[in-house]
Amino acid sequence: MLPTKLVGSRDTGGDSTPDEDQGVIRCICDIDDDDGFTIQCENCLVWQHAVCVNVDQDNVPDEYLCEKCNPRKLDVKAPASLARLLCEIR
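Procedures and definitions
- Residues numbered from 1 in each chain as written.
- Predicted model: local features only at pLDDT ≥ 70, side-chain atom pairs only at ≥ 80, totals over all residues.
- Heavy atoms only, no water.
- Helix = DSSP H or I, 4+ residues; strand = E, 2+ residues; numbered from the N terminus.
- Buried < 20%, exposed > 50% of the residue type's maximum accessible area, 1.4 Å probe, protein only.
- Contact = heavy atoms within 4.5 Å.
- Salt bridge = Lys/Arg side-chain N within 4 Å of Asp/Glu carboxyl O.
- Core = buried A, V, L, I, M, F, W, Y, C linked by side-chain atoms within 4.5 Å.
- Disulfide = S-S within 2.5 Å.

A. Highlighting the overall build of the chain. Broken down by element type, the chain carries 1 helix and 3 strands. Listing the helices and strands of the chain from first to last along the sequence gives β-β-β-α. Considering the chain as a whole, with its 90 residues, one finds that 32% of them fall into the buried category. Within the chain, counting contacts between residues at least 6 apart in sequence, those at least 24 apart form 51% of the total.

Written as structure tokens, this is what we have:
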């Protein structure tokens, strides 16, 4: 099994054909800006802010599934504030 994709910045350059490194940011915080540190769902290939789903450099899972592919309770208030701040800083 391949490790989860975790990137510093998503490549959304000129190629019009979507692939697994491109795609949609659909995060629990409802912010679709790239904060520079996103993780991709292995199943549906959406990207989420790592900070919003409690993933950091020290705890990157081998396989990541978003909250829709693996339903679980997540706190959405704190991530929204933090993601907004990170996007403003960039």
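That covers the picture; the talk isn't over yet.
B. Structural context of the pattern of salt bridges. According to the stated counting rule, one finds 1 salt bridge in the structure shown. Among the ionic pairs, E67 bridges to R26, the shortest N-O distance being 2.7 Å. Highlighted residues: E67 in the loop between β3 (47-49) and α1 (77-89) and R26 in the loop between β1 (6-7) and β2 (38-40), separated in sequence by 41 residues. For E67, a relative accessible area of 18% translates into the label buried. The class for R26 is partly exposed, based on a relative accessible area of 22%.

C. Layout of the nonpolar core. Residues C27 and V53 are the most contacted members of the largest nonpolar core, which totals 15 residues. Contact partners of V53, with chain neighbours within four places excluded, come to I28, I39, Q48, Y64 and L74.

D. Structural view of the side chain of Q48. Along the chain, Q48 turns up in strand β3. With relative accessibility at 0%, the residue Q48 sits in the buried group. Excluding anything up to four places from it in sequence, Q48 contacts R26, C27, I28, F37, T38, I39, V53, Y64, C66 and E67.

E. Inspection of the state of the cysteines at higher detail. For the structure shown, the criterion picks out 0 disulfides. The structure places no disulfide on C66, whose sulfur is separated from the nearest cysteine sulfur, that of C69, by 3.7 Å. The class of C66 is buried, set by a relative accessible area of 0%.

F. Expanded view of the environment of Q22. Here Q22 shows up in the loop between β1 and β2. Overall, the relative accessible area of 11% leaves Q22 in the buried class. For the pair Q22 and W47, spaced 25 residues apart in the sequence, the C-alpha separation amounts to 8.8 Å.

G. Structural context of the environment of D32. Here D32 shows up in the loop between β1 and β2. Expressed as a C-alpha distance, the spacing of D32 and H49, which sit 17 residues apart in the sequence, is 9.1 Å.

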